[in-house]
Amino acid sequence: MSEVLTGVLVSASRFEVYERELGVVFGRRTFGWSHEYVCVDSLETELERARSLSVDELADAIESIGFECTRCGACCKAADCDSDGSEESEPHTATVFPDEIRSIQKREEYDWRDVARPMPYGLSEGPEGQSGETFEWALQTDACGDCMFYDESGAASADEPDAQQTGGGECTIYGDRPLVCKTYPFSVALGGTSQPMGEAVDGEGMVRAHECEGLGRDISRTEAEDLAGALKERAIRELEEAIQVRDEYEPATPADGEIVVHDSEGAKSPDGSVR
Ligand code: SF4
Ligand code: SF4
């Protein structure tokens with residue numbers, strides 16, 4: 001019999017509730033594009049592991065797995081959405097940190113809500129709409145559930161110098177895309193507890209590879225090292241954020257129709273303002 005406790009639980013990043021069963025703590029963790037239940041080790045222990053990661057070894061693993069982005073756009077879009085947005089699909093849910101949101105905001109003087117939305121996991125649907133507490137931000141999505149910054153037409157590149165073409169479309173904030181986008185389709189498994197981004201389809205050493213049609217292709221050493229550096233940076237950032245979320249957390253008891261997002265800077269409303 002498990003006891004569901006209210007409160008924040010953190011492993012390498014973000015949580016909604018935690019459960020304690022036979023002395024083992026599990027948390028539902030959201031990571032990049034997916035979420036799952038994981039056994040939770042000490043965040044500080046994971047952070048030590050992340051800081052001691054060898055970029056060379058991560059690059060070796062990435063080279064061994066192989067990767068070249070085909071620009072298919074699959075990691076920027078919701079699956080199975082009709083062009084008119086009528087078909088039900090799981091919206092795109094890429095994690096974005098508060099400072100990353102602010103960097104993207106500066107590009108076009110975007111409002112917070114233009115860039116990010118509360119991560120929906122853990123929220124409940126009621127008569128007044130969604131409500132509850134959640135522990136991270138996701139990139140904003142369009143009516144189809146695609147990332148707001150994915151331009152299917154590819155038309156933005158004419159006046160957007162760092163737009164990155166992806167299949168027929170492109171990332172319109174390429175230079176400021178979050179770390180989770182820079183490192184896709186890879187993640188780092190830090191040993192005992194971290195299995196970020198859902199099920200891996202391949203792995204080498206501590207590097208896990210997730211669903212992507214570009215896996216298995218040749219990659220240059222320079223590109224592998226760049227990716228490895230970003231992967232290490234992301235692992236550290238996720239843990240630092242998680243530790244701050246844990247330390248800042250105060251239960252917010254939101255009303256019906258109210259959402260509170262706990263991030264590393266405290267409790268916020270969906271418009272990014274501090275409560
Ligand atoms: S990273 Fe993979 S899934 Fe994403 S656009 Fe490139 S090939 Fe497609
Ligand atoms: S920010 Fe760019 S790379 Fe990341 S999901 Fe959106 S369109 Fe894709």
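This one's a predicted model, so the numbers in the text were calculated from it and none came from an experiment.

A.B. asks: Whenever I open this one, the overall build of the chain confuses me. Can you help?
C.D. replies: A count of helical and extended segments in the chain gives six helices and 17 strands. For the chain, with 275 residues in total, the buried portion stands at 40%. Excluding contacts between residues fewer than 6 apart, the proportion of contacts in the chain whose partners are at least 24 apart in sequence is 60%.

A.B. asks: How should I be thinking about the nonpolar core in this particular structure?
C.D. replies: Most often, soluble globular proteins keep nonpolar side chains buried together rather than apart. Ranked by internal contacts, the top residues of the largest apolar core, which has 50 residues, are Ile-62, Val-96, Ala-116 and Val-207. Considering each element in turn, this core owes the most residues, eight residues, to helix α6 (residues 221–248). Apart from residues no more than four positions distant in its own chain, Ile-62 is found in contact with Phe-67, Phe-186, Val-207, Ile-219, Ala-224, Leu-227 and Ala-228.

A.B. asks: Hey, could you run me through the site of ligand 2 in this one?
C.D. replies: In the region of ligand 2, the neighbouring residues are Cys-76, Ala-94, Leu-139, Cys-147, Phe-149, Tyr-150, Cys-171, Ile-173, Arg-177 and Cys-181. Its residues placed into classes, the shell around ligand 2 shows nine nonpolar, no polar and one charged.

A.B. asks: It is not clear to me how the sheet that holds strand β17 (residues 266–268) should be interpreted in this structure. Could you clarify?
C.D. replies: Think of a sheet as strands paired side by side through backbone hydrogen bonds, with each pair either parallel or antiparallel. Overall, mixed pairing links the four strands, which are arranged β7-β8-β16-β17 in an open sheet. At either margin of the open sheet sits one strand with a lone partner, and together these are β7 (124–126) and β17. Geometrically, the sheet is characterised by an average inter-axis angle of 30 degrees between neighbouring strands, direction not taken into account.

A.B. asks: How do you make sense of α6 when you look at a structure like this?
C.D. replies: The periodicity of an α-helix, 3.6 residues per turn, causes residues three or four positions apart to be oriented the same way. Here α6 contains 28 residues, and its C-alpha end-to-end distance of 40 Å stays within 8% of the 40 Å for a straight helix at 1.5 Å per residue. Each element contacted by the buried residues of α6 is listed here: α1 (43–51), α2 (55–65), α5 (179–183), β13 (186–188) and β16 (259–263).

A.B. asks: Even after reading the chapter, I still don't get the sheet that holds strand β5 (residues 95–96), so can you show me in this structure?
C.D. replies: Strand order in the open sheet formed by three strands is β5-β9-β6, with antiparallel pairing between adjacent strands. Looking at which strands have only one partner, the edges of the open sheet turn out to be β5 and β6 (116–118). Taken together, the two bridges between β5 and strand β9 (residues 137–139) define a ladder with antiparallel strand orientation. Among the inter-strand pairings, Thr-95 is bridged to a residue of β9, identified as Ala-138.

A.B. asks: Where do I start with the pairing of strand β8 (residues 129–134) in this structure?
C.D. replies: Moving residue by residue along a regular strand, the side chains alternate between the two faces of the sheet. In this sheet, β8 lies alongside β7 in antiparallel orientation, the contact comprising three bridges. Across the sheet, residue Glu-125 finds its bridge partner in β8, namely Gln-130. Hairpin connection from β7 to β8: two residues lie between these consecutive antiparallel strands. Looking at chain direction, β8 and β16 are connected through three bridges and run parallel. Across the sheet, residue Glu-133 finds its bridge partner in β16, namely Val-260.

A.B. asks: Hey, could you run me through the packing of α1 against α6 in this one?
C.D. replies: A pair of packed helices can be characterised by two numbers: the angle between their axes and the separation between those axes. It is the contact of α1 with α6, at a shortest axis distance of 9 Å, that shows an interaxial angle of 160 degrees. Classified by the angle between their axes, α1 and α6 sit roughly antiparallel to one another. α6 is crossed by α1, and the crossing has left-handed handedness. Here Leu-43, Glu-46, Leu-47, Ala-50 and Arg-51 of α1 lie close against α6, whose contacting residues are Lys-232, Ala-235, Ile-236, Leu-239, Glu-240, Ala-242, Ile-243 and Arg-246. For the contact of α1 with α6, the class distribution of residues is eight nonpolar, no polar and five charged.

A.B. asks: Can you help me understand the site of ligand 1 in this one?
C.D. replies: Inspection of the region around ligand 1 gives 13 residues, with Cys-69, Cys-72, Cys-75, Cys-212 and Gly-214 positioned closest. Counted by class, the shell around ligand 1 contains seven nonpolar, four polar and two charged residues.

A.B. asks: What's the story with the pairing of β16 in this structure? I'm lost.
C.D. replies: Burial runs high along β16: five of the five residues are buried. Burial of the side chains of β16 extends over both faces: Ile-259, Val-261 and Asp-263 are buried on one face and Val-260 and His-262 on the other. Across three bridges, β16 lies against β17 in antiparallel orientation. Note that in β17 the partner of Val-261 across the bridge is Lys-268. Hairpin connection from β16 to β17: two residues lie between these consecutive antiparallel strands.

Cut-offs and rules
Residues numbered from 1 in each chain as written. Chains lettered and ligands numbered in written order. Predicted model: local features only at pLDDT ≥ 70, side-chain atom pairs only at ≥ 80, totals over all residues. Helix = DSSP H or I, 4+ residues; strand = E, 2+ residues; numbered from the N terminus. Buried ≥ 20, exposed ≤ 12 C-beta atoms within 10 Å, placed from the backbone. Contact = placed C-beta atoms within 7 Å. Core = buried A, V, L, I, M, F, W, Y, C linked by C-beta atoms within 7 Å. Near = placed C-beta within 6 Å. Nonpolar A, V, L, I, M, F, W, Y, C, P; charged D, E, K, R; others polar. Pairing = 2+ DSSP bridges. Axes fitted to C-alpha atoms, helices over the stretch in contact; angles between N-to-C directions. Expected span 1.5 Å × (residues − 1). Parallel < 35°, antiparallel > 145°, perpendicular 65-115°, else oblique. Left-handed = near helix turned anticlockwise from the far one by under 90°.

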